[in-house]
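Structural description and commentary
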Amino acid sequence: MNLIAAADKNWGIGRDNRLLVRIPEDMKFFQKMTTGKVVVVGRKTLETFPGGQPLKNRTNIVLTSNPDFKAKGAAVAHSMEELLRELEKYDSRDIYIAGGESVYRQMADLCDTAYITKIEYAYQADAWFPNLDEKEEWELTKDSEEQTYFDLEYYFLKYEKKNSNVGQ
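Below is a short write-up of the structure. (Residues numbered from 1 in each chain as written. Predicted model: local features only at pLDDT ≥ 70, side-chain atom pairs only at ≥ 80, totals over all residues. Heavy atoms only, no water.)

Here we look at the sheet that holds strand β2 (residues 12–15)
So the rule is basically this: Following DSSP output, two strands are said to pair if at least two bridges run between them. Each helix is a run of DSSP H or I of at least 4 residues and each strand a run of E of at least 2, with the numbering of both proceeding from the N terminus.
Within the open sheet, the 3 strands sit side by side as β3-β2-β9. Their pairing is antiparallel. A strand with exactly one partner marks an edge of an open sheet, and here the two such strands are β3 (18–19) and β9 (127–128). In the sheet, β2 pairs with β9 via 2 bridges, with the strands oriented antiparallel. From the neighbouring strand, glycine 14 faces β9, where its bridge partner is alanine 127.

So, the environment of aspartate 109
Quick note on the threshold: Relative accessibility under 20% of the residue-type maximum defines a buried residue, over 50% an exposed one, and the middle range a partly exposed one, all with a 1.4 Å probe and only protein chains included.
Within the element layout of this structure, aspartate 109 appears in the loop between α4 (101–107) and β8 (113–119). A relative accessible area of 58% places aspartate 109 in the exposed class. Distance in space between the C-alpha atoms of aspartate 109 and asparagine 131 is 12 Å, their sequence separation being 22 residues.

So, the pattern of salt bridges
What counts is decided by this rule: Should a side-chain nitrogen of Lys or Arg be within 4 Å of a carboxyl oxygen of Asp or Glu, the pair is scored as a salt bridge.
Counted by the stated rule, this structure contains 7 salt bridges. With a shortest N-O distance of 3.4 Å, aspartate 94 and lysine 37 are connected by a salt bridge. Pair noted here: aspartate 94 is in the loop between α3 (80–87) and β7 (95–97) and lysine 37 is in the loop between α1 (24–34) and β4 (38–42), with a separation of 57 residues, a long-range link. Residue classification places aspartate 94 among the partly exposed positions, given a relative accessible area of 28%. The exposure class of lysine 37 is partly exposed, given its relative accessible area of 26%.

Everything listed is a geometric property; what it means functionally is a separate question.
As structure tokens, this is what we get:
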């Protein structure tokens, strides 16, 4: 499974249930990577999508502890066990964990690849992605050239778990 996120230099990913910044090239990258795939998000993240609706051209799965929550056009899992049962239906290489913080934290250990748009700026954040640079089991395997959006510098990074059985 894959993690996909945009994080600032302190691994911040959001504030007040919104992204810290919207970078058009990052949005295009997210769309390219996840179209036709499975996207797993929490309820609050789903609510930030356009119209609060599931993303088009993807299988959307929402993880929420709210037993009454329903999302038109998305599967809903009310526990990790339920989510893992639902995910068994799909090729793990086609599954992208897309936030927010609690979903990333619950799923990070089950993933073997992370696509991070790393923004070279420290925002005021109230939600964070796990710091993969501090986790011994993760290694940076791909780093793009410096990208810029106005005066903001960012990089497209790929992290992989060491000794992972990816693709075997």
